[in-house]
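Remarks on the overall topology
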Amino acid sequence: MKKYLLFLLFASTIIFGQAKEFPLKNEDFSQIVLNKQIYFEGEISKESPFKLKFENIVKNPDKPNMYFVSGLTEVEGNQAKFLGEMIFTEKYDVRDSPDKMLVFGDFNLIENKSGEHSGIFKGKFRMQINKDLKPLNENFSTITFKGKWKNYTGNLDFDVWWANYTPTNISKIIFK
């Protein structure tokens, strides 16, 4: 029985302990995510318009699939600066579009503490871009973020999304 348990422990360590390496870690997505420093737009709490602008993006030299980001959020005229990270995790080819790909990842953005309406964003992002990282028409790509926002005091917790285009139905966008 001990040998069996040790084998299961060893096997689970191999299977679950190794993270899949991001295949495009040597590419630079900074300019795509900057979105020409134009605000992304979306919603927070299904009723309030939300804006976010990335002002600075730096690739982590020690972890090439991670980017340090900073910028501004805006809800109903209230602005807050944020710092955070984006971690690129997966890449897929787009069926019926051999020149395009989907790139997925996770984000964590921390707003400066400035009262009850500042907090932390966590969630997933999805990008559809050309494989050669050249612009799609006028835009570099379509980028969508979806997650949760929770204020520092813990009494507010909302769903949030934002994108650099207007999705017709955010609930139908697939995130990995």
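So, here is what we can say about the structure in this document. The model shown is predicted, which means the values in this text are computed figures rather than measured ones. (Residues numbered from 1 in each chain as written. Predicted model: local features only at pLDDT ≥ 70, side-chain atom pairs only at ≥ 80, totals over all residues. Heavy atoms only, no water.)

1. Details of the overall build of the protein
- Each helix and strand counted, the protein has 2 helices and 8 strands in total.
- Taken from the N to the C terminus, the helices and strands of the protein come in the order α-α-β-β-β-β-β-β-β-β.
- When the 176 residues of the protein are sorted by exposure, 40% land in the buried category.
- Total accessible area on the protein stands at roughly 11,000 Å², and carbon and sulfur atoms take up 53% of it. (Helix = DSSP H or I, 4+ residues; strand = E, 2+ residues; numbered from the N terminus. Buried < 20%, exposed > 50% of the residue type's maximum accessible area, 1.4 Å probe, protein only. Areas by Shrake-Rupley, 256 points an atom, 1.4 Å probe, with all protein chains shown as cover.)

2. Topic: unusual backbone geometry
- Despite not being glycine, asparagine 35 shows a phi value in the positive range, around 55°.
- Checked against the element boundaries, asparagine 35 lands in the loop between helix 2 (30-34) and strand 1 (40-44).
- In this structure, glutamine 37 takes a positive phi of about 55° despite not being glycine.
- Position of glutamine 37 relative to the elements: it lies in the loop between helix 2 and strand 1.
- The exposure class of glutamine 37 is partly exposed, given its relative accessible area of 41%.

3. Some points on the nonpolar core
- Counting 32 residues, the largest nonpolar core has Phe29, Phe54, Phe88, Met127 and Trp162 as its most contacted members.
- If sequence neighbours within four positions are ignored, methionine 127 has contacts with Phe29, Ile32, Val33, Phe88, Met101, Leu102, Val103, Ser141, Thr142 and Ile143. (Core = buried A, V, L, I, M, F, W, Y, C linked by side-chain atoms within 4.5 Å. Contact = heavy atoms within 4.5 Å.)

4. Brief notes about the sheet that holds strand 4 (residues 78-94)
- Strand order around the closed barrel formed by 8 strands is 1-2-3-4-5-6-7-8, with antiparallel pairing between neighbours. Pairs of neighbouring strands in the sheet enclose a mean axial angle of 30°, with direction left out of account.
- Taken together, the 7 bridges between strand 7 (residues 141-151) and strand 8 (residues 157-163) define a ladder with antiparallel strand orientation. Each bridged residue has a counterpart across the sheet, and for phenylalanine 145 the counterpart in strand 8 is tryptophan 162. (Pairing = 2+ DSSP bridges. Axes fitted to C-alpha atoms, helices over the stretch in contact; angles between N-to-C directions.)

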